[in-house]
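# Observations on the three-dimensional arrangement
As a plain string of letters, each chain reads:
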Amino acid sequence: MGILIRQCIQSISFGFSVLNKITSLFKEREKVNWEEERLKMVDNQIVKRGIKDERVLDAMRKIPRHLFVPIDQRNNAYEDCPLSIGEGQTISQPYMVACMTEALRLQGNEKVLELGTGSGYQTAILAELAESVYTIERIIVLSERARRALKDLNYQNIHFKVGDGTYGWPEEKPFDRIIVTAGAPDISQVLIDQLKENGILVVPVGSRYSQTLYRVIKRKDKVEKENITLCVFVPLIGDHGWKE
């Protein structure tokens, strides 16, 4: 009986030790100056790489990226890399978010379609810079998580949909801008058809494992395509994208 009691006490002591470590970890995280981390991220990772649009820079200085990543990843939220958000998906590297957003040339009065809500971080950036955002995510748990995070930040100009984003959102067309946050096999005519005249599509195009980021501008009788940078995104899954 005495041995059993000692074992129980040891187990309880171990449990309290683990709990104390977890509590200490959260307290340490609370000490992080997140605003300072955001400012450093923008200065060191984004401005120094040539992003000049002040509205984009201000949005990225403002929006708390750490609230869009899993709790166990928050200390890495402002690092110069993508991070896993579960379900085989990622939140993009901060520079890539800035690069794609700048490529959209947003002025503030646009209606934007986003394919791939993901964490909701890119969605928040768009909501800061455009009049309205229509965002589609095929994975329901990610859509719901992003919706909660964006609601907590009091965004009122975002519309959510769960489904195959490669079809776009034909009921809401036309769009001034379309952004695709996953790697597509080609530039989809389905999306071009949902753009307004002189509208802009920003999309990574290539293989399942590496792509080139393009800005596509819809003109009356043609599309103009501009190569922006090399990139790597998870594949765009859907009937007009890659198969699972």
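The shown structure was predicted, so the numbers you read here are calculated from the model rather than taken from an experiment.

Our focus in this paragraph is the nonpolar core. With 49 residues, the main nonpolar core has I46, M60, F68, Y121 and I125 as its most contacted residues. Setting aside anything within four residues of it in sequence, one finds Y121 in contact with M41, M60, I63, R65, F68, I91 and V97. Core analysis: the second largest hydrophobic core is formed by 19 residues, V180, L191, L201 and V203 among them.

Let's shift gears to the pairing of strand β8 (residues 211–218). Within β8, eight of the eight residues are buried, leaving the element largely enclosed by the surrounding structure. Burial of β8 is two-sided: the residues Q211, L213, R215 and I217 facing one way and the residues T212, Y214, V216 and K218 facing the other way are all buried. Across seven bridges, the pairing between strand β7 (residues 195–206) and β8 is antiparallel. Across the sheet, residue V203 finds its bridge partner in β8, namely Y214. Judged from the eight bridges that link them, β8 and strand β9 (residues 223–231) form a sheet pairing that is antiparallel. Its bridge partner lying in β9, I217 is registered against E224. In this structure, the hairpin formed by β8 and β9 is closed by a connection of four residues.

Procedures and definitions
Residues numbered from 1 in each chain as written. Predicted model: local features only at pLDDT ≥ 70, side-chain atom pairs only at ≥ 80, totals over all residues. Heavy atoms only, no water. Core = buried A, V, L, I, M, F, W, Y, C linked by side-chain atoms within 4.5 Å. Buried < 20%, exposed > 50% of the residue type's maximum accessible area, 1.4 Å probe, protein only. Contact = heavy atoms within 4.5 Å. Helix = DSSP H or I, 4+ residues; strand = E, 2+ residues; numbered from the N terminus. Pairing = 2+ DSSP bridges.

The quantities given are spatial measurements derived from coordinates; they are silent on function.
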